[in-house]
Amino acid sequence: EGMAPPKRILFPPEKICMVWQQRQSAGAGLFNVGNTCFLNAVLQCLTYTPPLANYLLSREHSQACHQQGFCMMCIMEAHVNKVLHSPVSAILPLAVLKVFRCIGEHFQPGREEDAHDFLCCTVNAMQRACLGASSDLDISSQSTTIVHQIFGGFLRSRVTCFSCKAISDSYEAFLDVPLDIKAASSLTAALEDFVTPEHLDGENCFKCSKCKKNVAASKRFTVHCAPKVLTVCLKRFDCFTGGKISKVVEYPEYLDLRPYMSQADGDPLHYSLYAVLVHSGVSCHGGHYFCYTKASNGLWYQMDDESVELRCIDTALRQQAYLLFYAR
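Scope of this entry: the structure provided in the associated data block. Please read these numbers as outputs of a predicted model, since none were measured by experiment.

1. Examining the pairing of strand β4 (residues 167-174)
Regular strands place their side chains on alternate faces of the sheet. Bridging between strand β3 (residues 153-161) and β4 involves eight bridges; their strand directions are antiparallel. Bridge pairing in β4 links Leu155 to Glu172. Hairpin geometry of β3 and β4 is characterised by an intervening segment of five residues between the two adjacent antiparallel strands and by a positive phi of about 65° at Lys165.

So this is what it looks like as structure tokens:
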């Protein structure tokens, strides 16, 4: 509604399976080769994303891939199959380490990187691999890759002119939702803040196309198309100082996204938590990343580099979370 339909469907949506197709306990841990805990934690969260893992375990991508050189989907397929079918307790994520600089040119081997940045670059590289030669497609068609159909959604920005009440809508694709937590003590409070209208006036006036002048207006973001997998980044790091907001932000095991949608009065949109990525330490320049993930057997595990330990859901819910992963 309000958006142009795609000219081409790149992956049939009915083929995306949200429930695990094979059940097993957690796979292998990942060796740290010097400040690579951020990479290990992100890879584990992606490995236990059910619709992505189902697709990669089928090896459907590599069988049809014609990409020359670097293909992030082929690399993730090899990695996920190795982790989940490993006879040993820990492996080296060599396939990913070899293409580290292809995932993001700014990444430096041996340096502690930001886990959210690495996640964004990895998912974007997977999206580019799915687009392959069809990157000249319209934005609606680009959002029909398997990657965008799993992680992607659309936000609506609605500006309402206070003078003539004209409404101006624009839409933008997203692969995750970064939330401000300075004033929020819970995920739901941060989502409330995210959809609270912002006043545009003074220097921030809105140029209304109907009034033909700069006017005071309100601007409100809502989730217009909900993703199958909702990835939330709790913004703990100050962009300028690198300092960290270390407070507790509560997050639920089950989340209803409906109140934050453009259509807020429909049936509930239920999501279930399946991975929590944690940063321990006082600033973004140091510290350690690890994660909690829910394996296909329904049990939770703490994944800390090569260590994989069974944990209860209560432990997973009491962390200083940095990234949260919810599946529809």
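Resuming the write-up.
2. Looking at the environment of Asn214
Secondary-structure assignment places Asn214 in strand β8 (residues 213-215). Considered as a pair, Asn214 and Gly202 are twelve residues apart in the sequence and their alpha carbons are 9.4 Å apart. With residues up to four places along the chain from it excluded, the contact list for Asn214 reads Cys205, Phe206 and Lys207.

3. Some remarks on the packing of aromatic side chains
Counted according to the given criterion, the structure contains twelve aromatic pairs. Look at Phe11 and Tyr55: their rings are 5.4 Å apart centre to centre, the planes differ by 85°, and that puts the pair in the edge-to-face class. Taken together, the residues span a long stretch of sequence, with Phe11 in the segment before β1 (29-30) and Tyr55 in helix α2 (residues 50-57) at a distance of 44 residues. Assigned by exposure class, Phe11 and Tyr55 land together as buried. Summarising the aromatic geometry, the rings of Phe38 and Phe100 are spaced 6.1 Å apart at their centres and angled 45° between planes, so their arrangement reads as tilted. Here the residue Phe38 occupies a position in helix α1 (residues 37-47), and Phe100 occupies one in helix α6 (residues 100-103), the gap between them amounting to 62 residues. The class of Phe100 is buried, set by a relative accessible area of 7%. In textbook terms, an aromatic cluster arises when at least three aromatic residues are bridged by ring pairs, as seen for Phe38, Phe100, Phe107 and Phe118.

4. With respect to the side chain of Asp176
One can find Asp176 in the loop between β4 and β5 (177-180). Polar contacts involving the side chain of Asp176 include one to the side chain of His116, which spans 2.9 Å. When near neighbours in sequence (up to four residues on either side) are disregarded, Asp176 contacts His116, Cys120 and Thr231.

5. A word on the packing of α2 against helix α4 (residues 72-84)
Interhelical geometry of α2 versus α4 gives an angle of 95° and a closest axis separation of 9 Å. Relative to α4, α2 is oriented roughly perpendicular. On the side of α2, the interface is formed by Ala53, Tyr55, Leu56 and Leu57, while α4 contributes Met73, Met76, Glu77, Val80, Asn81 and Leu84. Classifying every residue of the contact of α2 with α4 gives eight nonpolar, one polar and one charged.

What counts and how
- Throughout, a residue's number is its position along its own chain's written sequence, starting from 1.
- In keeping with the model being predicted, local features are shown solely for residues with a pLDDT of at least 70 and side-chain atom pairs are shown and tallied solely at 80 or more, while totals for entire chains, interfaces and linings include all residues.
- Excluding hydrogens and water, the side-chain figures rest on all heavy atoms present in the structure.
- Strand pairing requires that DSSP identify at least two bridges connecting the strands.
- Secondary structure follows DSSP: runs of H or I at least 4 residues long count as helices, runs of E at least 2 residues long count as strands, and numbering of each begins at the N terminus.
- In this analysis, two residues are considered to be in contact whenever any of their non-hydrogen atoms come within 4.5 Å of each other.
- Here a pair means two rings of Phe, Tyr or Trp (six-membered ring of Trp) with centres within 6.5 Å. Their orientation is stacked below 30 degrees between planes, edge-to-face above 60, and tilted elsewhere.
- Each residue is assigned to one of three classes by its accessible area relative to the maximum for its type, calculated with a 1.4 Å probe on protein chains only: buried under 20%, partly exposed between the two thresholds, exposed over 50%.
- Whenever two N or O atoms come within 3.5 Å, that pair is a polar contact, provided that in protein one can donate a hydrogen and the other can accept it, and provided that, for residues adjacent in sequence, both atoms are side-chain atoms.
- Inter-axis angles, ranging from 0 to 180 degrees, are taken between N-to-C directions of lines fitted to C-alpha atoms, where helices are fitted over the stretch in contact.
- Throughout this description, any angle smaller than 35 degrees is read as roughly parallel, any larger than 145 degrees as roughly antiparallel, any in the 65 to 115 degree range as roughly perpendicular, and the remainder as oblique.
- Basically, the charged four are Asp, Glu, Lys and Arg, the nonpolar ten are Ala, Val, Leu, Ile, Met, Phe, Trp, Tyr, Cys and Pro, and anything else, Gly included, counts as polar.

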